[in-house]
Amino acid sequence: MEGKTVTLATRVIPCLDVDNGRVVKGVNFLNLRDAGDPVELARAYNASGADELTFLDVTASSAGRATMVDVVRATAEEVFIPLTVGGGIRAVEDIDRMLRAGADKVSINTAAIANPQLLTDGARTFGAQCIVLSVDARTVPAGEKPTPSGWEVTTHGGSRGTGIDAVEWARRGEELGAGEILLNSMDADGTKDGFDLEMIKAVRAAVSIPVIASGGAGKASDFAPAVQAGADAVLAASIFHFGEVTIAEVKDAMRAEGITVR
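Here the structure is a predicted model, which is why all the values come from computation and not from measurement. (Residues numbered from 1 in each chain as written. Predicted model: local features only at pLDDT ≥ 70, side-chain atom pairs only at ≥ 80, totals over all residues. Heavy atoms only, no water.)

A. Structural detail: the side chain of S214. For S214, the position within the fold is in strand β10 (residues 211-214). Setting aside residues no more than four positions away along its own chain, S214 makes contact with L182, L183, N184, S185, F195 and L235. (Helix = DSSP H or I, 4+ residues; strand = E, 2+ residues; numbered from the N terminus. Contact = heavy atoms within 4.5 Å.)

B. Seen up close, empty space enclosed by the protein. On inspection of all chains with the given rule, the structure shows two cavities of 30 Å³ or more. Taken together, I13, E52, T54, T84, K105, E180, L182 and I212 make up the lining of the largest cavity. Here the residues of the lining of the largest cavity are counted per class, giving three nonpolar, two polar and three charged. Size it by volume and the second largest cavity reaches roughly 30 Å³. If you trace the second largest cavity, you find it lined by L183, S185, F195, D196, M199, I200, A213 and S214. Of all the secondary-structure elements, those providing two or more residues to the lining of the second largest cavity are β9 (180-185), α7 (197-206) and β10. (1 Å grid on protein atoms, 1.4 Å probe; cavity = no way out; pocket = protein on both sides within 12 Å on 5 of 7 lines; lining within 4 Å. Points joined across faces, edges and corners; volume = space filled by probe spheres on them. Nonpolar A, V, L, I, M, F, W, Y, C, P; charged D, E, K, R; others polar.)

C. Geometry of the packing of aromatic side chains. All chains considered together, the criterion is met by three aromatic pairs. A ring pair is formed by Y45 and F240, whose centres lie 6.5 Å apart and whose planes are at 70°; its orientation type is edge-to-face. Taken together, the positions of Y45 in helix α1 (residues 38-47) and F240 in helix α9 (residues 238-241) put the pair 195 residues apart, joining distant regions of the chain. A relative accessible area of 1% places Y45 in the buried class. Aromatic pair F223 and F240: ring centres 6.0 Å apart, planes at 15°, arrangement stacked. Linking F223 in helix α8 (residues 223-228) with F240 in helix α9, this pair joins segments that are 17 residues apart in sequence. With a relative accessible area of 0%, F223 lands in the buried category. The buried category is assigned to F240, whose relative accessible area is 3%. (Phe/Tyr/Trp six-rings, centres within 6.5 Å; stacked < 30°, edge-to-face > 60°. Buried < 20%, exposed > 50% of the residue type's maximum accessible area, 1.4 Å probe, protein only.)

D. Representation of the side chain of T154 within the structure. By the secondary structure assignment, T154 is in strand β7 (residues 151-155). Once residues lying within four places of it in the same chain are set aside, the contact partners of T154 are N109, I113, D136, R138, R160, G161, T162 and M186.

E. Quick peek at unusual backbone geometry. Of note in this structure, N20 is not a glycine but carries a positive phi near 55°. By relative accessible area, N20 is classed as exposed at 55%.

F. Quick peek at the nonpolar core. In terms of nonpolar packing, the biggest core is built from 75 residues, with I95, M98, I108, V135, F223, F240 and M254 touching the most fellow members. Element by element, the count of residues in this core is highest for helix α6 (residues 166-176), at five residues. Contact partners of I95, with chain neighbours within four places excluded, come to I89, V106, I108, L118, G122, F126 and I131. Counting residues in each nonpolar core, the second largest holds seven residues, with I13, L182, I212 and A233 among its members. (Core = buried A, V, L, I, M, F, W, Y, C linked by side-chain atoms within 4.5 Å.)

G. Quick look at the environment of I247. As for its placement among the helices and strands, I247 is situated in helix α10 (residues 247-256). Separated by 100 residues in sequence, I247 and T147 have C-alpha atoms that sit 36 Å apart. Among residues more than four places away in sequence, those in contact with I247 are V12, P14, Y45, S48, G49, A50 and F240.

H. Broad picture of the layout of surface pockets. Its boundaries defined by the atoms lining it, the largest pocket holds a volume of some 1,000 Å³. As for the largest pocket, its lining consists of 38 residues, of which D17, L56, D136, G157 and N184 are closest to the centre. Breaking the lining of the largest pocket down by element, the ones donating at least two residues are β1 (11-19), β3 (53-57), β5 (105-108), α4 (110-114), β6 (131-139), β9, β11 (233-236) and α9. Residue composition of the lining of the largest pocket, grouped by class: 14 nonpolar, 17 polar and seven charged. There is about 250 Å³ of room inside the second largest pocket. Taken together, 13 residues line the second largest pocket, and the ones lying closest to its centre are L8, A9, T10, R11 and D232. A per-class count over the lining of the second largest pocket returns six nonpolar, four polar and three charged.

I. Structural context of the pattern of salt bridges. Taken as a whole and judged by the stated rule, the model has 21 salt bridges. For K105, the salt bridge is made with E52, and the minimal N-O distance between the two is 3.2 Å. In this pair, K105 is assigned in strand β5 and E52 in the loop between α1 and β3, connecting sequence segments 53 residues apart. Residue classification places K105 among the buried residues on the basis of a relative accessible area of 8%. Overall, the relative accessible area of 6% leaves E52 in the buried class. R171 is paired through a salt bridge with E175; the nearest N and O atoms lie 2.8 Å apart. Here R171 pairs with E175, and both are found in helix α6, just four residues apart, close to one helical turn. Residue R171 is classed as partly exposed on the basis of its relative accessible area of 28%. Owing to a relative accessible area of 59%, E175 belongs among the exposed residues under this scheme. Three or more residues are tied together by salt bridges with common partners; here these are R11, E52, K105 and E180. (Salt bridge = Lys/Arg side-chain N within 4 Å of Asp/Glu carboxyl O.)

Distances and angles like these do not, on their own, reveal function.
Okay, structure coming up:
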């Protein structure tokens, strides 16, 4: 293989928020028996060309985690693209439970801030490829102590700042054992103004592991710039759920920009 470079296809990943076994936030797929059933939605996304799926348990109580195990198991039996599960992953036992149920990866956010060793223990036990560090980052609000990059890690859906520099945390996450960074721009999230390209570039420069860009997608043409800024995968939720943009349209738009997609 000397002299050849391997170009990996950019992944397009829909994200489903699951609460007590049901998909929350609106969905607008046609021909679904039940639009709130995560297994039905997973099947629809699988058929429409999604490369991976992400499920986020938005309540993540112990009862919610037990429910998510059932959801993951049912989905894994029906859908054959990689599945990442996040929310309420606080211990190695939680990772084990989700992987045994059929998840391919787990996404860890707040628990990694509280206990960074969880990333290392998870990677050592299951392999770095199973461990995704989710970084919910925002611009440091005016009047608060700035971070070196200007972005800070947040918890609780972006509502609580930590004072931790977001770019440095991504770099440290790789060092600790994470195999992938899910970079959520809390500033861009919900705006539909496009991804935070400067943040993607900054994190791309700090890590060598794959970066998944999340937050801000509003139209098919928003995705290619995120990849050009350094993202290896692009993730979105509501614009896919509401049928505003299809997976095929996103891939066509990226192909038109010379980006390799599956």
